[in-house]
Amino acid sequence: MKDEDIKIGCINPECADYQIIGKNNTAIRRIVGKNKILMLKCNTCGKEFSERNGTPLFRLKTSPSKIEEVLNHIGEGCSIRVTERLTGVNRNTIMNITKKVGDHCKKIHDKYVKDIEAGEVQFDEKWAFVGKKDKNNVKEDKKKAHNGIM
Ligand SMILES: [Zn+2]
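**Q** Before we go on, may I ask you to explain the overall build of the protein in this structure?
**A** Scanning the protein from N- to C-terminus turns up four helices and three strands. Counting from the amino terminus, helix and strand elements in the protein follow one another as β-β-β-α-α-α-α. Relative to its full complement of 150 residues, the protein shows a buried share of 11%. Counting only contacts in the protein whose residues sit at least 6 apart along the sequence, the fraction spanning at least 24 positions is 35%.

**Q** Explanation requested: the pairing of strand 1 (residues 26-32) in the structure shown.
**A** Two faces make up the sheet, and in a regular strand the side chains alternate between them. Sheet analysis places strand 1 next to strand 2 (residues 37-42), joined by six bridges and oriented antiparallel. Each bridged residue has a counterpart across the sheet, and for Ile28 the counterpart in strand 2 is Leu40.

**Q** Looking at this structure, how should I read helix 3 (residues 91-112)?
**A** Along an α-helix, residues three or four positions apart point the same way, because every turn accommodates 3.6 residues. Taking 1.5 Å as the rise per residue, helix 3 with 22 residues should run 32 Å; its terminal C-alpha atoms sit 31 Å apart, in good agreement. Of all 22 residues in helix 3, two are buried, a share of ten percent or less.

**Q** In this structure, what is going on with the environment of Ile80? I would like to understand it.
**A** By the secondary structure assignment, Ile80 is in helix 2 (residues 80-87). Residue classification places Ile80 among the partly exposed positions, given that 15 C-beta atoms sit within 10 Å. Along the backbone, Ile80 and Met95 are 15 residues apart, and their C-alpha atoms lie at a distance of 7.4 Å. In this view, Ile80 contacts Arg91, Ile94 and Met95; residues no more than four positions away in its chain are not counted.

**Q** It is not clear to me how the packing of helix 1 (residues 64-75) against helix 3 should be interpreted in this structure. Could you clarify?
**A** Each pair of packed helices can be described by the angle between their axes along with the distance between the axes. Closest axis-to-axis distance for the helix 1/helix 3 pair is 10 Å, and the angle between their directions is 80 degrees. Overall, the two elements helix 1 and helix 3 adopt an arrangement that is roughly perpendicular. Taking contact as the criterion, the partners of Ile67, Val70, Leu71 and Ile74 in helix 1 are, on helix 3, Ile94, Ile97, Thr98 and Val101. Residues belonging to the contact of helix 1 with helix 3 are distributed by class as follows: seven nonpolar, one polar and no charged.

**Q** Looking at this model, I keep getting lost on the environment of Arg81. Mind explaining?
**A** Looking at the secondary structure, you find Arg81 in helix 2. A C-alpha to C-alpha distance of 6.5 Å links Arg81 and Arg91, two positions 10 residues apart in sequence.

**Q** Looking at this structure, how should I read the sheet that holds strand 1?
**A** The strands making up a sheet associate through backbone hydrogen bonding, with each pair oriented either parallel or antiparallel. Strand order in the open sheet made by the three strands is 1-2-3, with antiparallel pairing throughout. What marks the edges here is a single partner per strand, and that holds for strand 1 and strand 3 (48-50). Neighbour-to-neighbour, the strand axes of the sheet open up by a mean angle of 30 degrees, direction not taken into account.

**Q** Mind showing me how you'd approach the nonpolar core here?
**A** Soluble, globular proteins show a tendency: their nonpolar side chains are buried together. With seven residues, the main nonpolar core is built from Leu57, Ile67, Val70, Ile74, Val89, Ile94 and Ile97. When contributions to this core are tallied by element, the ones reaching two or more residues are helix 1 and helix 3. The biggest single contributor to this core is helix 1, with three residues. If we ignore the near neighbours within four places in the chain, the residues touching Leu57 are Arg52, Pro64 and Ile67.

So, how was this worked out
- Residues numbered from 1 in each chain as written.
- Predicted model: local features only at pLDDT ≥ 70, side-chain atom pairs only at ≥ 80, totals over all residues.
- Helix = DSSP H or I, 4+ residues; strand = E, 2+ residues; numbered from the N terminus.
- Buried ≥ 20, exposed ≤ 12 C-beta atoms within 10 Å, placed from the backbone.
- Contact = placed C-beta atoms within 7 Å.
- Pairing = 2+ DSSP bridges.
- Expected span 1.5 Å × (residues − 1).
- Axes fitted to C-alpha atoms, helices over the stretch in contact; angles between N-to-C directions.
- Parallel < 35°, antiparallel > 145°, perpendicular 65-115°, else oblique.
- Nonpolar A, V, L, I, M, F, W, Y, C, P; charged D, E, K, R; others polar.
- Core = buried A, V, L, I, M, F, W, Y, C linked by C-beta atoms within 7 Å.

The values reported here are purely geometric and, on their own, carry no functional implication.
Structure (structure tokens):
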């Protein structure tokens, strides 16, 4: 790994080189963990930070490929427990990953999707079964549904 490969600028908002990439102002300080995460240091202000800072991967020990696998299963509608069985990732970790990535996506959405005047909106290819199949309906449910309660 060379310093030219660094894709993140200084994270200190008070630094003269804040978020500037390619100026050779950041250097690799050390590599940590089994995922070989780069710890960087800004040569201008001296601030140390992780290459994952500001990403949903920050402070996650799960490998990026495993995180991708988890998100693919969740995105296809698998439950937390099914995803746990298929990927071997603990359910608490799955929920943590889903929350972090979801919050990150919301931030990106709120930052870039603004003032859109849509004449028509389509939402395709995602559906879910809501309710009960008739064979699972008991008499009371049918009565409530008939009265418009369900
Ligand atoms: Zn700096």
